[in-house]
Amino acid sequence: MSEQQKVYPVKPEVADAAWINKEQYLAMYAESVNNPEAFWAEQGKRLDWMQPYTRVKNTSFDPHNVDIRWFEDGTLNASVNCLDRHLAERGDQVAIIWEGDDPNEDKKITYRELYHEVCRFANGLKKLGVQKGEVVTLYMPMVPEAAIAMLACARLGAVHSVVFGGFSPDAIASRVIGSDSRIIITSDEGLRGGKCVPLKENVDEGLNNPAVKTVEHVVVLKRTGGSIDWQEGRDVWWHELVADCADECPAEEMQAEDPLFILFTSGSTGAPKGLKHTTGGYLVYASMTHQYIFDYKPGEVYWCTADVGWVTGHSYIVYGPLANGGTTLMFEGVPSYPTHGRIGEVCDKHQVNILYTAPTAVRALMAQGDNVMDSSTRSSLRLLGSVGEPINPEAWEWYYRVIGNSQCPIVDTWWQTETGGILIAPLPGATDLKPGSATLPFFGVQPALVDAEGKILEGATEGNLVILDSWPGQGRSIWGDHERFVQTYFSTYQGMYFTGDGCRRDEDGCYWITGRVDDVINVSGHRMGTAEVESALVAHEAVAEAAVVGYPHDIKGQGIYVYVTLADGFDASDELRKELVKWVRKEIGPIASPDVIQFSPGLPKTRSGKIMRRILRKIAANETDGLGDTSTLADPSVVDDLIENRAIQ
Ligand code: WTA
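Residues numbered from 1 in each chain as written. Predicted model: local features only at pLDDT ≥ 70, side-chain atom pairs only at ≥ 80, totals over all residues. Heavy atoms only, no water.

The chain appears in an unreviewed UniProt entry as Acetyl-coenzyme A synthetase from Marinospirillum alkalitolerans. UniProt, in its Sequence similarities (unreviewed entry) section for the chain, records the words "Belongs to the ATP-dependent AMP-binding enzyme family." For the chain, the Catalytic activity (unreviewed entry) comment in UniProt is given as "acetate + ATP + CoA = acetyl-CoA + AMP + diphosphate". (UniProt positions renumbered as here; feature names shortened; annotations may be inferred.)

One pass over the structure, following the stated rule, counts zero disulfides. This cysteine, Cys408, is not joined by any disulfide, and Cys347 carries the nearest cysteine sulfur, 9.4 Å off. (Disulfide = S-S within 2.5 Å.)

What follows concerns the environment of Ala430. Positionally, Ala430 belongs in the loop between β20 (410-413) and β21 (447-450). A residue is classified by how much of its surface remains accessible, and Ala430, at 4% relative accessible area, is buried. Taking the C-alpha atoms as reference points, Ala430 and Tyr25, separated by 405 residues in sequence, lie 6.4 Å from one another. Among residues more than four places away in sequence, those in contact with Ala430 are Val10, Ile20, Asn21, Lys22 and Tyr25. (Helix = DSSP H or I, 4+ residues; strand = E, 2+ residues; numbered from the N terminus. Buried < 20%, exposed > 50% of the residue type's maximum accessible area, 1.4 Å probe, protein only. Contact = heavy atoms within 4.5 Å.)

Once that is clear, we can look at the site of the ligand. Within the structure, the ligand sits among 17 residues, and Asp412, Thr413, Thr417, Asp501 and Arg527 are positioned closest to it. Take Arg516: an N or O atom from its side chain is 2.8 Å from an oxygen atom of the ligand. For the ligand, whose accessible area on its own is 530 Å², the fraction buried by protein is 96%. Every element with two or more residues in the shell around the ligand is listed here: α11 (311-323), β20 and β26 (511-516). (Near = heavy atom within 4 Å. Polar contact = N/O pair within 3.5 Å; in protein donor to acceptor, adjacent residues only side chain to side chain. Areas by Shrake-Rupley, 256 points an atom, 1.4 Å probe, with all protein chains shown as cover.)

What follows is about the UniProt feature "domain: Acetyl-coenzyme A synthetase N-terminal" (unreviewed entry) in the chain. Mapped onto the present numbering, the UniProt feature "domain: Acetyl-coenzyme A synthetase N-terminal" (unreviewed entry) falls on residues 25-82. Helix makes up 40% of residues 25-82 and strand 17%, with an end-to-end C-alpha separation of 26 Å.

Another aspect to go through is the side chain of Arg223. By the element assignment, Arg223 lies in the loop between β11 (217-221) and β12 (235-237). A distance of 3.2 Å separates a polar atom in the side chain of Arg223 from a polar atom in the side chain of Glu105. A polar contact of 2.7 Å, which involves the side chain of Arg223, links it to the side chain of Glu332.

Let us look at the pattern of salt bridges. Tallied over the full model, the rule gives 41 salt bridges. The shortest N-O distance in the salt bridge between Asp48 and Arg85 comes to 4.0 Å. Here the residue Asp48 occupies a position in the loop between α3 (36-43) and β1 (57-60), and Arg85 occupies one in helix α4 (residues 78-90), the gap between them amounting to 37 residues. You can call Asp48 partly exposed: its relative accessible area is 38%. Residue classification places Arg85 among the partly exposed residues on the basis of a relative accessible area of 23%. Residues Glu389 and Arg363 are paired through a salt bridge, measuring 2.8 Å at the closest nitrogen-oxygen approach. Of the two residues, Glu389 is situated in the loop between β19 (383-387) and α14 (393-403) and Arg363 in helix α13 (residues 359-366); the sequence distance between them amounts to 26 residues. (Salt bridge = Lys/Arg side-chain N within 4 Å of Asp/Glu carboxyl O.)

This part takes up the UniProt feature "binding site: CoA" (unreviewed entry) in the chain. When the UniProt feature table is mapped onto this chain, "binding site: CoA" (unreviewed entry) is found at Arg192, Gly193, Gly194, Lys195, Thr312, Ser524 and Arg585. Spatially, the listed residues are scattered: they cover 394 residues, and their C-alpha atoms lie as much as 24.1 Å apart. With respect to the element layout, Lys195 can be found in strand β10 (residues 195-197). Mapped onto the elements of the fold, Arg585 is located in helix α17 (residues 574-587). Once residues lying within four places of it in the same chain are set aside, the contact partners of Arg585 are Ser168, Pro590 and Ser593.

As a further point, take the packing of aromatic side chains. The full count for this structure, using the stated rule, is 40 aromatic pairs. Residues Trp471 and Tyr497 carry aromatic rings whose centres are separated by 5.7 Å and whose planes lie at 70 degrees to one another, so their mutual orientation is edge-to-face. Highlighted residues: Trp471 in the loop between β23 (461-467) and β24 (477-478) and Tyr497 in strand β25 (residues 497-505), separated in sequence by 26 residues. You can call Tyr497 buried: its relative accessible area is 1%. Taken together through their ring pairs, the aromatic side chains of Tyr25, Tyr29, Phe39, Trp40, Trp49, Tyr53, Trp70, Phe71, Tyr285, Tyr292, Phe442 and Phe443 make up a single cluster. The lysine or arginine in question, Arg175, covers the ring of Phe167, its NZ or CZ lying 4.5 Å from the ring centre. (Phe/Tyr/Trp six-rings, centres within 6.5 Å; stacked < 30°, edge-to-face > 60°. Lys NZ or Arg CZ within 6 Å of the ring centre and 35° of its normal.)

A separate point is the side chain of Ser32. Examined against the element boundaries, Ser32 turns out to sit in helix α2 (residues 22-34). Residue classification places Ser32 among the buried residues on the basis of a relative accessible area of 2%. Only 2.8 Å separates the side chain of Ser32 from the backbone nitrogen of Gly444, close enough to count as a polar contact.

What follows is about the pairing of β25. A large share of β25 lies buried, amounting to eight of its nine residues. In this structure, β23 lies alongside β25, joined through six bridges in antiparallel fashion. Residue pairing for β25: Ile467 is matched across the bridge by Tyr497. Examined bridge by bridge, β25 and β26 share five bridges and lie antiparallel to one another. Of the residues in β26, the one forming a bridge with Arg505 is Tyr511. Hairpin connection between β25 and β26: a loop of five residues separates the two successive antiparallel strands, and Gly509 in this loop has a positive phi of roughly 80 degrees. (Pairing = 2+ DSSP bridges.)

This part covers the sheet that holds strand β5 (residues 106-110). Taking strand neighbours across the sheet as the criterion, the seven strands line up as β5-β4-β17-β16-β18-β19-β20 in an open arrangement whose pairing is mixed. The open sheet has two edge strands, β5 and β20, and neither has a second partner. Between one strand axis and the next, the sheet turns by 20 degrees as a mean value, whatever way the strands run. Pairing between strand β4 (residues 94-99) and β5: five bridges, direction antiparallel. Residue pairing for β5: Ile96 is matched across the bridge by Ile109. (Axes fitted to C-alpha atoms, helices over the stretch in contact; angles between N-to-C directions.)

Structure follows, in structure tokens:
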């Protein structure tokens, strides 16, 4: 039997204890797509509404009028749902377990403490004039204050825009410009793998960009106490800001469709776009998926290893778990520090029940050999999750056998920044597992596969993955550019949401995501537009032209392969290679570091001047036998040169 056909049936004891078993899944799924109004009207009750909704679903994917509204006449506040409503029953329960980069540092914060900290900081932000509807930018390390700042914004009705702490000053600047932020919240430094990350310095440098005109204040959390520059009048210490603040703060009453946050993400063209997520539908969906897909039970310790700078951190470190009154673990460090045993040791130390991580982390551990986990038992684990990129069956099996001691179901969760929450994943008590497959759609989600013309394909087949109707967690727009939202997601296939992913469906109706079909690459689960990396490269004086493609990489899933044509007067050298890698790290951030740079006198182009990426992808992947027709190229000899001088990996 091939690896791909292997099935792990639901164990009866897991099904018995789970929120949802197979029969319930089938019945609820049918109801959710046949009668979405009634289904979601009921599910929406999982939140506390200030003004209950009477209208449930009002959505259109028609490209002439893309308009997505859920629970639109209801009002609520997200921070109230994550905090206030839990106080009576579980005020003294731990809400956040924080595990520091240094294994000797940790902290537990109860719901009551978190509530008061959020209120205090919200009052601090009020002193800086923060108002409902304005965008506040966060550039934070993985510390509880990141969640506190997000929830404080939500409390005031301000829209948070979290910028991943690994991004460069330029990336901060462009995101601040794109959202007109007045306030940036950051930290003196972050701490990862024993090294300091100069967060405040990056903010300072980003704000030096003369095009950044809106910033009035930078709120600085003291994390390491390292020395930083200080701009009097602009910069404010977090602890000084809140020193005289009350620990109660009334919550703004928000419309369900008022924005909760924006989050910038990469696409195949242009600059990263700020996806807009709103309050009611997003929170219903984050909370429901967290409960059912992770089969989360009260009192359990749940650990998602993502960074809050990504959507996974938003929905499954902060909003989902806290809306459910759960205990969420936040880890400041990296899995390899101080040793590769760290993930297991943290599981033992905090008795983690549910672990949610990325395939790239699993593969990096797997490369260390089975005894990498010898320093821990992980006996508290009950369920494992995977997210961010396709998990190869080999990594799945290793995750199951070594990390999970062959005891824990794995939920492979497929979703995107745009989707707000998980769309395709097994439910542990309902779905038989297949290593490498995200299996079946969540309630209300109607996936379909289409061919290049948009024709819907039936049965076991392969095609482009689209979603036929809206679900409550869906992103509503691109901040300040609704037309781009429509163009990007609803125009390729009229009336359908196009995911950008390719996918196979098997005889059982299970979905197997095969990866992006556009010019987006996925490096260690970090999503990147090849165009972004290219535009960073051509900004360097030595580069005349650059083309970037992904290639298969054992640990990262995809690596970054760069073809560069040099400008006159510059010669190929290892030094220049290093210089260009450094340049991209500075322009975008370390996650965009090229793995391979190949200098070449020319790039394969059509006669109309279009770069043939298909060919470049094949050469990068060392699949030079199947290059297909190259006769349409302006200069076919370019290809021979590229193959001959293929950079050794
Ligand atoms: C990929 C991350 C296969 C996919 C939540 C998607 C996956 C992109 C999976 C979104 C998975 C995410 N299996 N591929 N379980 N999860 N992807 O916006 O290509 O950072 O389109 O959201 O990651 O990345 P994003």
